[in-house]
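Here is how the chains run, residue by residue.
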Amino acid sequence: MRVRHLQTHLQDQGLVNSSKLNELRGVHVGVDAVFWLRSIQALKDPFADALGGIPPGIFGFVDKELDSFKEYGITPLFIFQGVAPGPQHSMFANRMDQQMDMAWNHLARGEKSLAQKCFAVSTSRINGDFVYFIFHHLRHRGYECIQAPYFAGAQLAHFAEQGVVQTIFGPPGLLLYGVKSVVIMLNFGQQHFDWVDLDSVLSKWQLSWDEFVDACMLAGTEYCLTYPYLNLRDFQPAQARFNFDAAVYIIKQSPLINWMQAFPTDDMKNDHVDGYCICKVLVQNSPVYHLSDVSIRPLGATSKTPSAAVPEVPADFSSIMGSKLPPSLYYLMLHGIISHKLPQALAKGEWTDKSQPLVDTNEFRTLLRDLEDYRKVALGLIAQYLHPSFQTKQILCKAYWEHNSIRQALSTDPKLPEGARVIQPEITKGLRWKISGSAVKKEMQRQGVTKVDFKFCLNWHAYEFENDGPLLRGINLVGPCTFDSDLHSLSALVHFMLLEKLDFISPEDGNATVLSDLLKETPANLTEPCLTALELMKFGRLDGEPFETAQPEKPFPEDVKYPVAANLSQPERDAKCGKLLLCRVMSLVPMKLRHVMWDSDVDFDLAAFHSLVRALKRTLRQMVEGILAHVLWKDLSNVKILPKGFMCTSPLKDSWPQTPAELPAFMLPRACMGIVVKYFLEYKGSDLETFKVDLGKRFPCCWQPIEDMKLAFTFWQDLRRCMDKIAEDLGADDLVEEMRKASEILEAQRKRLNI
C-alpha cells in the first residue's frame, strides 16, 4: 500500500538506514515484485508505451538484476499482486493528458529529449502486460514466484511473520502491516541497501503502532483521501508541497475518530470516512495464503500489542473484496496458471479497463466493447465449474472514459446508470476433443516437428479430416474434453480449444473453416502475427484509415498534423492510407532488439494501432488462461505437467525468435518493425549500402533490421494471399483493393533500393 509522502518524510527525518549489501548474503528476501521492477531504472524507457507497452531490453535488464542477486548470495521470493480491489480514487493517477499532448508535439518538432521527459512523467512503464511476462520469465529462470491471492504486501507481511522469509523488500507502506523492518532500496552498483525500522519510527515520532496506521491514512493512500485540512497552509506554512509531519502532528492531538467528525460537508465526510474504513479493513483483514493450514483467510490482528483483541471480519467484507473463490481457483492463481483478471471479475462482479491508451481513439473504445464476447467466453470456461451464483454473475464493465456514476456503481445495484454495460459468463457446449499422447507423438513424427503450436494443430486437423481420422470421431458427442497426462497432449488440447473458440475450427461440427485453411499455410514463424491480423480483420480494425479521436472536442495534438480522412483527395488518400496500412500490418512482426533503450523514432499512428493490438492480445491470453484452468480443474495434479516456463516469452538465446512457451502467450510485438518500415518507405536515397548504414545509425537498438524487414515483406505477401482468398469466399473486397494499392507503393520503393 502506498502512503502519500511517507518515504520522503522518513528520509527527511533520518529514519532511512543504509547498510552494506554483504549483510544480506545468505538471506531469503521476500520481494514485492512490482515495487522491485519499478526500482530498475533501465526498465524506464520513456518510449515503451509508444512502442506497444514493452521496452526493448525488458528481459536483458531484468536478467542483469537477477545476476546481482546471485552475486551477493541473496535468495529472492517474488510476490505478485492478486485479486486486489482497485484504488478508490485517482490520487495516484499515472497519466496526464496535457503532458501526453506536449510529448507528441515536441516529437513532431524534432525535440526528442523534451518528448522523452513528457512521456516519462505521463506513462506507466510497469503495466499489467509487462508484469505478466516478467512473472513467467522469472519462473522459467527457476526463481520462486507466487501470485498472492489478494495483496502482495499483506502476503509478504504474513511470510515475514511466519519466518518463510527473513526480511522483505518493498515500499515503506508495508510498515502498516506491522512488519518490523523493510528494505526499501537495493543498490547493487554502489553495494548498499536502504531500510527502515518500525520501532525506530514509532520511537522518534512518539506514536503507537495504531496511531502510526491512522497517521498514514490521514496522509492518504490509494484507498483513502488525504484528510482535507492537512492541505491547508496552516499545516504547511513553509512548504511548497504536502508534508507528512502534519499527519503525525494531528494524530498526536486527537484520535482518528475525533477528526472524522470535522468536515465542511456531509458528502466530503462520507467520501473520506468510507475510504478510511476500507483502508483500515484492508490493513487488518487482507486475505493471505496461510502455510500452516494451506488456506486463504484474513491476515490477523489490528494491533501488535499482546493485549489487543483480534478484529472480526466485517459482515460486508465481500462488498470490498468480492465473493470468496473456491480453493481450486486460488491454487491455480498461486501457481501462475491464471492471472488475477478473470477471478477478480467473478469475485467482484466488475471488469475494469482503467488505463487510458497513449492515443485515445474511437476505434480503441469500440474494440474494447467488441471484445466483451471473448471475455464472456473466458469467464464461462471457469464459471462452468463454480457455484451457480458465479455462473449467472452480473459483471459490470467499467472503462476509463465512462461517467463517474458508472465507475462508482456496483453490479448488484437495483438500477444501474444509463449506458452501463453488463456481461455474464457464457457457458456453451463445446466440441468433445479427445487427445491421446500416442496420437500426438505419431503426428509430430509425421510432420517432423518437435513442438505443438497452431500450425501443427491446423495441419493435424486437416489431415484427420481428409482421412476420417480418430481426432474428429465423436467430436460432437456430449461430454468433457480429455487428454493424456503429458505436456504435448495438454498443449494440443489448449490450442484446439482456442482455435474452436475463435471460429478457426467450426464449433458446430469441428470442420475446417476458410480461416483455418489459410492460417495453416502461413510459415510457422509468422503464424501468430497472421492470426492477430485475421482477428483484427474480424473486428473491422485492419485497414489504413486514419484513426478518429475518441472525443471530438479534444482533437489530436496539433503539431502531429495527423490526417483527417474527409480532408484528403483520392490520390492523397491512396498514398496516405497505403503507407499507414503497410506500417500497421508489418508492425505485427517482432524485431530482434538489443538490450538497450529504444532512443529512436516513435510514431503517433502506430502508437494508436498498437493500443488495439495490446487489448486484443491481452484478451486472447485471457482466453488461453480460461481454457487452461477449465481443462486442469477436474484433476489439479496435472498442473505438474507444465514446465516452469510454459508461458515464458523471452526469446531463447541461440534460437530467436523461439521462446520456451508451450502455450499461446501472445507476446506484444512492439511497433518497432512498423517504425523501421516507415523510415524505409520515406527514404529518399537509392543506394542500398548507404541505406543500410543510415538504417543502422537511425535504429541502433535493432540487431538485424534488413533481415527483419525482409521477413516483414514476406508477411505482407502472405497476408495478401489470405485476404485474396477471404474476398473470394467471404467478401473483403475493400481491404483487398487497399492492400493492392499499398503493394504498389511498397514494390516501387523496394525496386528503387533493390531490396
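Cut-offs and rules
Residues numbered from 1 in each chain as written. Predicted model: local features only at pLDDT ≥ 70, side-chain atom pairs only at ≥ 80, totals over all residues. Heavy atoms only, no water. Helix = DSSP H or I, 4+ residues; strand = E, 2+ residues; numbered from the N terminus. Expected span 1.5 Å × (residues − 1). Buried < 20%, exposed > 50% of the residue type's maximum accessible area, 1.4 Å probe, protein only. Contact = heavy atoms within 4.5 Å. Patch = residues over 30% accessible without salt bridge, like charges linked within 9 Å, V, L, I, M, F, W, Y side chains within 5 Å. Areas by Shrake-Rupley, 256 points an atom, 1.4 Å probe, with all protein chains shown as cover. Salt bridge = Lys/Arg side-chain N within 4 Å of Asp/Glu carboxyl O. Lys, Arg positive; Asp, Glu negative; His and termini not counted. Charge placed at Lys NZ, Arg CZ, Asp CG, Glu CD. Phe/Tyr/Trp six-rings, centres within 6.5 Å; stacked < 30°, edge-to-face > 60°. Lys NZ or Arg CZ within 6 Å of the ring centre and 35° of its normal. Pairing = 2+ DSSP bridges. Axes fitted to C-alpha atoms, helices over the stretch in contact; angles between N-to-C directions. Core = buried A, V, L, I, M, F, W, Y, C linked by side-chain atoms within 4.5 Å.

The terminal C-alpha atoms of helix α3 (residues 58-71), which comprises 14 residues, lie 20 Å apart, in line with the 20 Å expected from a rise of 1.5 Å per residue. Considered for burial, the residues of α3 that qualify are Ile58, Phe59, Gly60, Phe61, Val62, Glu65, Leu66, Ser68 and Phe69. Summarising the contacts, the buried residues of α3 are in contact with α2 (33-39), β3 (75-80), α6 (128-140) and β6 (181-187). Phi turns positive one or two residues past the end of α3, at Gly73, with a value near 65°.

Taken together, the side chains of Asp266, Asp267, Asp271 and Asp274 present a region of like negative charge at the surface. Residue placement: Asp267 occurs in helix α12 (residues 266-285).

Right, let's talk about the packing of aromatic side chains for a bit. Counted by the stated rule, this structure contains 36 aromatic pairs. Aromatic side chains Trp433 and Phe496 sit 4.6 Å apart centroid to centroid with 15° between the ring planes, which places their arrangement in the stacked category. With a gap of 63 residues between them, Trp433 in the loop between β12 (421-423) and β13 (434-435) and Phe496 in helix α22 (residues 487-501) connect regions that are remote in the sequence. Just as Trp433 is buried, Phe496 falls in that class too. Ring centres of Trp460 and Phe496 lie 5.7 Å apart, and the angle between their planes is 55°; on these two criteria the pair is classed as tilted. Here Trp460 is found in helix α21 (residues 454-467), whereas its partner Phe496 is found in helix α22, with 36 residues between them in sequence. Each member of the pair, Trp460 as well as Phe496, carries the same accessibility label: buried. Chaining the aromatic ring pairs together yields one cluster made of Trp598, Tyr679, Phe680, Tyr683, Phe691, Phe699 and Phe713. The lysine or arginine in question, Arg446, covers the ring of Tyr463, its NZ or CZ lying 3.7 Å from the ring centre. Residue placement shows Arg621 over the ring face of Tyr132; its charged tip is 5.1 Å from the ring centre.

Right, let's talk about the sheet that holds β12 for a bit. In space, the three strands of this open sheet follow the order β10-β11-β12, with mixed pairing throughout. In this open sheet, the two edge strands, each paired with only one partner strand, are β10 (350-353) and β12. When the angles between neighbouring strand axes are averaged without regard to direction, this sheet yields 30°. In terms of strand pairing, strand β11 (residues 395-399) meets β12 through three bridges, oriented antiparallel. Paired with Ile395 across the strands is Ile423, a residue of β12.

Moving on to the side chain of His272. Its location among the elements puts His272 in helix α12. In this structure His272 touches Leu225, Thr226, Tyr227, Pro228 and Phe263, once residues within four positions along its chain are discounted.

Here we come to helix α27 (residues 672-682). A large share of α27 lies buried, amounting to nine of its eleven residues. Of all the positions in α27, only Cys672, Met673, Gly674, Ile675, Val676, Val677, Tyr679, Phe680 and Leu681 are classed as buried.

A complete count under the given rule lists 38 salt bridges for this structure. A salt bridge links Glu111 to Arg109; the nearest nitrogen and oxygen atoms lie 3.4 Å apart. In this structure Glu111 comes out as partly exposed when scored by relative accessible area, which is 27%. Of the residues examined, Arg109 reaches a relative accessible area of 44% and is grouped as partly exposed. Here Arg446 makes a salt bridge to Glu443, at a shortest N to O gap of 2.7 Å. In this pair, Arg446 and Glu443 both sit in helix α20 (residues 437-447), three residues apart, roughly one turn of the helix. Given the relative accessible area of 41%, Arg446 is considered partly exposed. Each of the salt bridges in this network shares a partner with another, and the network as a whole consists of Asp49, Asp129, Arg614, Arg618 and Arg621.

Here Leu612 is to be found in helix α26 (residues 604-632). Among the residues examined, Leu612 registers a relative accessible area of 0% and is labelled buried. Separated by 35 residues in sequence, Leu612 and Cys577 place their C-alpha atoms 18 Å apart. Leaving out residues up to four positions away in the same chain, Leu612 has contacts with Glu363, Phe364, Leu367, Arg541 and Phe547.

Tracing the backbone through its elements, the reader meets Ser339 in the loop between α14 (327-334) and α15 (341-348). For Ser339, a relative accessible area of 16% corresponds to the buried category. Excluding anything up to four places from it in sequence, Ser339 contacts Tyr132, Gln147 and Glu625.

Along the chain, Val83 turns up in the loop between β3 and α4 (97-108). Exposure remark for Val83: the relative accessible area of 2% places this residue in the buried category. Taking the C-alpha atoms as reference, Val83 lies 35 Å from Lys455; in sequence the two are 372 residues apart. For Val83, the contacting residues outside a window of four places in its chain are Ala148, Pro149, Tyr150, Met321, Met333, His340, Pro343 and Gln344.

Among the nonpolar cores identified, the biggest contains 266 residues, and Trp36, Phe78, Trp104, Phe212, Trp433 and Trp598 are the most heavily contacted of them. For this core, the leading source of residues is α26, giving 17 residues. The contacts of Trp433, once residues within four sequence positions are left out, are His461, Leu471, Leu472, Ile475, Cys481, Thr482, Leu493, Phe496, Met497, Glu500 and Ile505.

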